[in-house]
Amino acid sequence: MKFIRPKDVENLLENLEEDKSKKYFLAGGTDLNVQIKNGIIRDANIIYINHLSELSGISEENNIILIGATTSIMDILDSDLIKRHLPYFQRSLESFASPLLQNTATIGGNIANGSPTADVIPLLLVLDAKVELSSKSQSRLIYIKDFFNGYKQNVMKSNEIITHIIIDKNAEKDFLTFYEKVGSRRTLTISKVTLAGMKKVSGQRISQIRLAVGSLNEFPRRLFKVEDYITDKTLTEIDFSRVENLLGKEITPITDLRSDKEYRYHVCVNLIRSFLNQ
Ligand SMILES: Cc1cc2nc3c(=O)[nH]c(=O)nc-3n(C[C@H](O)[C@H](O)[C@H](O)COP(=O)(O)OP(=O)(O)OC[C@H]3O[C@@H](n4cnc5c(N)ncnc54)[C@H](O)[C@@H]3O)c2cc1C
């Protein structure tokens, strides 16, 4: 195992361009260190990134909030800027692990690790956030909904790193919001089912709805079919058996040590029902 400590982001991006060996970034290390300790990762380059100030912090630019990839969950919970513009995002992250983990875990690490249970991702999905991927020659923006392409797989190239997460300042404006992370207990729990939801209601009609789930697929994802069916309907026009049917096509829950697939499906159905009735 080789450990590398770039002096700045430019130096880091040069290294990514030149060195083609298998590499991982050590941000908070809360996922990576476990994988190294368990022997899942061996013989790789480990690149420290947590000391690079250009990758950390929360700022505003015109209509967007820019969150550096190595910003910790605690920094997001403590941020006045996030409180002002994205209170739903901030409030929802209170159930992330425990204060100790919140201080160490980073937003970029949560995304890149790409666990089906990752708490940040369903929220970023309903907020329609973008991820900035940077290499030596360019930066590109990609919607978080297009970032994953398999279990812990994503579209990031070997010479790229996540540098920022970008959220529209008005992303929550006029939306009613919902977030429920169902686990075995309230703190330090891994999700069995997570539902994040945002909807706009005009009169009796749901004019816009975004739903995203965690722990129900190989990576967290939006429920586009369910959203399409609900959009522009009133509550009484919604046939809930149709919602259940469409949901069955969009999620692939599994049975594992935390829960079984039937439980996960029914909990998700109930969470959607709660949000619609809210
Ligand atoms: C006890 C415990 C409890 C936990 N509870 C929760 C929980 O409640 N909710 C939850 O969602 N997660 C939880 N986790 C998982 C973990 O804390 C999060 O996924 C965390 O956000 C990972 O961030 P990190 O900075 O520690 O990532 P690291 O461990 O440093 O890195 C993880 C992966 O991401 C890659 N990476 C890191 N930064 C970048 C970047 N900028 N660009 C590209 N790739 C990058 C690394 O190469 C590595 O593969 C828990 C973990 C533990 C050990």
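Summary of the structure given here. Note that the coordinates shown come from a computational prediction; the quantities given were computed from them, not determined experimentally.

Turning our eyes to something else, we now look at the pattern of salt bridges. Counted according to the given criterion, the structure contains 10 salt bridges. The partner of Glu-60 in a salt bridge is Lys-169, and the shortest N-O contact between them spans 2.8 Å. With a gap of 109 residues between them, Glu-60 in strand β4 (residues 58-61) and Lys-169 in the loop between β10 (161-168) and β11 (176-182) connect regions that are remote in the sequence. Of the residues examined, Lys-169 reaches a relative accessible area of 15% and is grouped as buried. Residue Glu-218 pairs with Arg-221 through a salt bridge whose shortest N-O separation is 3.5 Å. Owing to a relative accessible area of 32%, Glu-218 belongs among the partly exposed residues under this scheme. Judged by its relative accessible area of 27%, Arg-221 is partly exposed. Shared partners join several salt bridges into a network, and the residues in it are Asp-128, Arg-222 and Glu-227.

Moving on, we get to the nonpolar core. Among the nonpolar cores identified, the biggest contains 43 residues, and Phe-89, Leu-124 and Ile-167 are the most heavily contacted of them. No other element matches the six residues that helix α8 (residues 120-126) contributes to this core. Residues from two domains meet in this core; each of domain 1 (2-168) and domain 2 (176-277) gives at least three. Non-local contacts of Phe-89, meaning those with residues more than four positions away in its chain, are made with Ile-67, Ile-76, Ile-82, Ile-107, Val-120, Leu-123, Leu-124, Leu-127, Ile-167 and Glu-172. Residues Ile-206, Leu-246, Ile-251 and Val-267 belong to the second largest nonpolar core, which totals 26 residues.

Turning our eyes to something else, we now look at the side chain of Thr-106. Of note, Thr-106 is situated in the loop between α6 (99-104) and α7 (107-113). Assessed through its relative accessible area of 5%, Thr-106 is described here as buried. Polar side-chain contacts of Thr-106 include one of 3.0 Å to the backbone nitrogen of Gly-109. Sequence-distant contacts of Thr-106, defined by excluding residues within four places in its chain, comprise Ala-27, Gly-28, Asn-50, Ala-69, Thr-70, Thr-71, Ser-72 and Ile-73.

Rules used throughout
Residues numbered from 1 in each chain as written. Predicted model: local features only at pLDDT ≥ 70, side-chain atom pairs only at ≥ 80, totals over all residues. Heavy atoms only, no water. Salt bridge = Lys/Arg side-chain N within 4 Å of Asp/Glu carboxyl O. Helix = DSSP H or I, 4+ residues; strand = E, 2+ residues; numbered from the N terminus. Buried < 20%, exposed > 50% of the residue type's maximum accessible area, 1.4 Å probe, protein only. Core = buried A, V, L, I, M, F, W, Y, C linked by side-chain atoms within 4.5 Å. Domains from an automatic or database assignment. Contact = heavy atoms within 4.5 Å. Polar contact = N/O pair within 3.5 Å; in protein donor to acceptor, adjacent residues only side chain to side chain.

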